[in-house]
Amino acid sequence: MAGVVAVVLLAEAVFIAALNWFLGVVVDRQDMSLAGLDPDVMSTSSKIGGVVFGLYFALCALVAVLVAVRDRAPAGLGRVLLISAAVVHGLLGAFAWGLVGWTAFLFMVVVLGLIVLLLMTYDRAAGPQSEAPGGGVPGQGGGPAARTEPGPAPAGAGAPAGRTDEPQDGDDEPQDSVPAQITVPAPTTP
């Protein structure tokens, strides 16, 4: 899955760089001014923009390759790069719908979906919450894995009285069923 995202982002990097370079060459050969701007400046800025965006998407592809090789979720700068690439594809998709057509919009949405799927499918299995504190043995330490089932409350001056089978005030009305004990939900991801 991450390999597919890497290939798509690398192909997009090459395409964006080549398209902007081509547009820079076209502007340079036209030798026309747009609202008083120098054609050489427009040509150079188009080429520089193409190279910058190409390198950006290539770097995002490198992050996807590292995710595929390591089989771990991206972290730190890599995660920020992939999130920013998803935002860029969302914005480009919105502009593509109005300027280019629905096919370009569809491509941008598919790439956006692939990036979001990459970010969501790789769970941080080695993260700080999955390991039990206290040397990895559940039941020791103070983290979430060390919780135990609540026991019976001690009877004393401040403790509430235990429930008996005798009817009490409010038993005539329907009540929600309450389980006899509370269980901590088990994690659903491997």
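This structure is a prediction, so every number in the text was calculated from the model and none was measured.

Calculation notes
Residues numbered from 1 in each chain as written. Predicted model: local features only at pLDDT ≥ 70, side-chain atom pairs only at ≥ 80, totals over all residues. Heavy atoms only, no water. Core = buried A, V, L, I, M, F, W, Y, C linked by side-chain atoms within 4.5 Å. Buried < 20%, exposed > 50% of the residue type's maximum accessible area, 1.4 Å probe, protein only. Helix = DSSP H or I, 4+ residues; strand = E, 2+ residues; numbered from the N terminus. Contact = heavy atoms within 4.5 Å. UniProt positions renumbered as here; feature names shortened; annotations may be inferred. Expected span 1.5 Å × (residues − 1).

Turning our attention to the nonpolar core. Of all hydrophobic cores here, the largest spans 24 residues; its most connected members are V5, L9, C60, L82, I115 and L118. Elements supplying a minimum of two residues to this core: α1 (2-30), α2 (39-70), α3 (77-99) and α4 (102-121). With seven residues, α2 is the single largest residue contributor to this core. Dropping the residues within four chain positions of it, V5 is found in contact with A64, L114, I115 and L118.

The positions that UniProt labels "transmembrane region" (unreviewed entry) are, in the present scheme, residues 48-68, 80-98 and 104-122. With 100% helix and 0% strand, the stretch residues 80-98 has end C-alpha atoms that lie 28 Å from each other.

Another aspect to go through is α3. For α3, built from 23 residues, the straight-helix expectation of 33 Å at 1.5 Å per residue is met to within 8% by its first-to-last C-alpha distance of 32 Å. Along α3, the positions that sit buried rather than exposed are G78, L81, L82, A85, A86, H89, G93 and A96. Looking one or two residues beyond α3, the residue adopting positive phi is G101, at roughly 140°.

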